[in-house]
Amino acid sequence: MSDKYDVVVIGAGPAGYVCAIRAAQLGLKTACIEKMKNSEGKGVNGGTCLNVGCIPSKALLDSSYKFWEIQHGSDQHGITIKDAGLDVPKMIGRKDAIVKQLTQGIAGLFKANGVTSLFGTGRLLAERKVEYTDESGKVTVLEADNVVIASGSQPIDIPVAPVDGEVIIDSTGALELQAVPGRLGVIGAGVIGLELGSVWNRLGSEVVLLEAMEDFLAIMDQQIAKETKKILTKQGLDIRLGCRVTGSQIKGRGKSKKVEVTYLGADGAEAKEIFDKLIVCVGRRPFTENLLAPDCGVALDERGSIYVNEHCATNAPGVWAVGDVVRGPMLAHKGSEEGVMVAERIAGHKTQVNYDIITNVVYIHPEVASVGRTEEQVKQSGEPYKIGTFPFVASGRALAADEKDGLVKMIVHEESDRVLGCHIVGPSAADLVQQVAIAMEFGSTAEDLALMVFGHPTLSEAVHEAALAANGHAIHIPNKRKR
Ligand code: FAD
Ligand code: NAD
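Conventions used here
Residues numbered from 1 in each chain as written. Chains lettered and ligands numbered in written order. Predicted model: local features only at pLDDT ≥ 70, side-chain atom pairs only at ≥ 80, totals over all residues. Heavy atoms only, no water. Helix = DSSP H or I, 4+ residues; strand = E, 2+ residues; numbered from the N terminus. Rg over C-alpha atoms; globule rule 2.2 N^0.38 Å. Contact = heavy atoms within 4.5 Å. Areas by Shrake-Rupley, 256 points an atom, 1.4 Å probe, with all protein chains shown as cover. Lys, Arg positive; Asp, Glu negative; His and termini not counted. Charge placed at Lys NZ, Arg CZ, Asp CG, Glu CD. Near = heavy atom within 4 Å. Polar contact = N/O pair within 3.5 Å; in protein donor to acceptor, adjacent residues only side chain to side chain. Nonpolar A, V, L, I, M, F, W, Y, C, P; charged D, E, K, R; others polar. Domains from an automatic or database assignment. Buried area = accessible area lost by both parts, 1.4 Å probe. Salt bridge = Lys/Arg side-chain N within 4 Å of Asp/Glu carboxyl O. Core = buried A, V, L, I, M, F, W, Y, C linked by side-chain atoms within 4.5 Å. Buried < 20%, exposed > 50% of the residue type's maximum accessible area, 1.4 Å probe, protein only.

## Comments concerning the overall build of the protein chain
Point 1. The helix and strand tally for the protein chain stands at 13 helices and 21 strands.
Point 2. A globule of 483 residues ought to have a C-alpha radius of gyration of about 23 Å, and the protein chain, at 24 Å, matches this closely.
Point 3. Based on the C-alpha atoms only, the size of the protein chain along its principal axes is roughly 70 × 65 × 45 Å.
Point 4. For the protein chain, the share of sequence-separated contacts (at least 6 apart) that also reach a separation of at least 24 residues comes to 61%.
Point 5. Summed over all atoms, the accessible surface of the protein chain reaches about 22,300 Å², with 52% contributed by carbon and sulfur.
Point 6. Computing the positive centroid from 51 side-chain charges and the negative centroid from 60, the protein chain places the two 2 Å apart.

## Section: the site of ligand 2
Point 1. The local shell around ligand 2 holds 18 residues, among which Ile-192, Glu-195, Glu-211, Met-330 and Val-361 are the closest.
Point 2. For ligand 2, an oxygen atom lies 2.8 Å from a polar atom in the backbone of Ile-192.
Point 3. The backbone of Val-361 places a nitrogen or oxygen atom 2.8 Å from a nitrogen atom of ligand 2.
Point 4. Protein contacts shield 74% of the accessible area of ligand 2, which totals 830 Å² for the unbound molecule.
Point 5. With 3 residues, the single largest contributor to the shell around ligand 2 is helix 6 (residues 191-202).
Point 6. Taken together, the residues that form the shell around ligand 2 break down as 12 nonpolar, 3 polar and 3 charged.

## Some details on the domain arrangement of the protein chain
Point 1. For the protein chain, the domain assignment lists domain 1 (2-155 + 285-346), domain 2 (168-282) and domain 3 (366-470).
Point 2. The C-alpha-based centres of domain 2 and domain 3 are spaced at 31 Å.
Point 3. Counting from both sides, the interface comprises 11 residues of domain 2 and, opposite them, 14 residues of domain 3.
Point 4. Here domain 2 packs against domain 3, burying approximately 1,000 Å² in sum over the two surfaces, 63% of which is carbon and sulfur.
Point 5. For the pair domain 2 and domain 3, the interface holds 2 salt bridges.
Point 6. On the surface where domain 2 and domain 3 come into contact, there are 5 residue pairs in polar contact (both at pLDDT 80 or more).

## Observations regarding the nonpolar core
Point 1. Counting residues in hydrophobic clusters, the biggest one holds 37 residues, and the most contacted among them are Leu-194, Leu-209, Phe-216, Ile-239 and Ile-279.
Point 2. Listed by contribution, the elements that provide at least two residues to this core are helix 3 (54-72), helix 4 (88-113), strand 8 (183-187), helix 6, strand 9 (206-210) and helix 7 (222-234).
Point 3. Once residues within four sequence positions are removed from consideration, Phe-216 is found in contact with Ala-189, Leu-194, Gln-222, Ala-225, Thr-228, Lys-229, Leu-232, Ile-239 and Leu-241.
Point 4. Residues Ala-398, Ala-429, Ala-462 and Ala-474 belong to the second largest nonpolar core, which totals 33 residues.

## Examining the site of ligand 1
Point 1. Around ligand 1, a shell composed of 37 residues is seen, among which Glu-34, Thr-48, Lys-58, Gly-122 and Asp-324 lie nearest.
Point 2. The separation between a nitrogen atom of ligand 1 and a polar main-chain atom of Lys-35 is 3.2 Å.
Point 3. In this structure, Lys-58 approaches ligand 1 through a side-chain N or O atom, which is 2.6 Å from an oxygen atom.
Point 4. Contact with the protein chains covers 94% of the free accessible surface of ligand 1, which is 1,000 Å².
Point 5. Contributions of two or more residues to the shell around ligand 1 are made by helix 1 (14-25), strand 2 (30-34), helix 2 (47-52), helix 3, strand 3 (116-124) and helix 8 (332-346).
Point 6. In terms of residue count, helix 2 provides more of the shell around ligand 1 than any other element does, 4 residues in total.

Here it is as structure tokens:
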């Protein structure tokens, strides 16, 4: 086999593997290099998302929710359950089996589409050449008309709480715990902190989250963030805002090892907490280590991401970069769409990604989901706007399911009536917000949504009512806006 390809992709996460599959579908001779190994020491595709991110975290969120629900969510339905048992290693084993099934699925998809899958490390040289070091250490230079870098991201470390993989862990460690920690500390109340904090809280840990910012979920719509914080606090998560962690110290030995965390609270006073485990999840940074030869021509931006234009072209001709390693939200679906765009552009198409309409979800219970602009962003832009909200407590379907917490909030342009954003905390928020995302892609107005027939009884009626409420026509709540 010749070592000359139309496309060489470095990294087989959701950005890279999707790009490779689409490129091969378009008739391009494509190879995809991946350096990750599974617990058996074998090369594995799927990147962070499939191995240690989206999928394993959702598997544990679903398992832990079942455990929580049978204990706390059954009685009101007239169902009495005694002695719910917990087998954490079995729960983790189920998660591992799902990861295995999906990562093997990528191998199957590569084969079916004719992608050459190469396990080992890729390094970009000048002139679109890629130095490929296979798992035995053998080095080959691959030539390509196009190289796509999809090397992903890694957790940010903080010197005040260095991860030791035992007591102080990152998100990957938090997906592997074999027993429920009595007290679990979490530094960073962002997406990972809330999702993994929720997993272990539901399984019985006392969870304390120490968050540096004074606003909770600062990038989200603040009305929805405040409602979310109320709901999580009711579930038992102890969320402390405005905290600055100043140090951590391991105490004890062997199995009784704990960590003492020192921090300055919102009032500026020093406080200490002892935890059995501490998760550090203060964000992720682009991963570019040992990836770029000095003369490869690819530049980084001030945040360490690979610099790309709106079509994911780097400033080296024929070199592209997609996913977490470039600007924008670190989300699997954002990277995958970039992967498709790049493959299609290489094949001569004019594909674009609409960065204004990318959904964002926190998979706690109930889910928090958003698309488009927040009220704060619209207000700051100075554009005139109106708001329609609908609380789930007024939804028949939500009440039937005992899912009455939360609301749908739709932000609409005052004059054009176009939907500018939608923010939901509530049951199935991820799927509901996707409906609004589809509407926004087609330039929908609130009236367009209002005129559609929504099935009854469904949770999506809450989206319908929020759209109606934006113009003062809601039927199942009193309207704030009179029309
Ligand atoms: P990655 O998935 O990180 O893949 C990059 C791959 O490149 C890796 O496999 C790496 O080994 C490989 N690589 C790097 N350098 C080289 C090299 N030199 N040679 C060969 N291979 C190399 N996002 C969501 O949208 N929804 C979620 O629910 C969600 N949950 C998450 C939960 C957790 C706990 C975490 C940590 C992340 C979560 N994310 C979620 C984020 C999501 O996982 C990332 O946005 C996504 O994986 C990024 O895809 P990527 O392909 O850019 O990078
Ligand atoms: P994040 O940016 O969501 O949250 C990090 C939090 O840590 C922020 O609230 C930040 O203010 C806080 N923080 C930073 N430094 C701190 C410090 N020294 N002390 C206390 N708090 C501090 O990042 P994350 O939760 O680590 O997740 C990383 C990325 O992974 C996210 O950007 C997200 O895009 C992706 N992810 C997505 C999902 C999802 O889509 N459901 C789930 C998990 C992760």
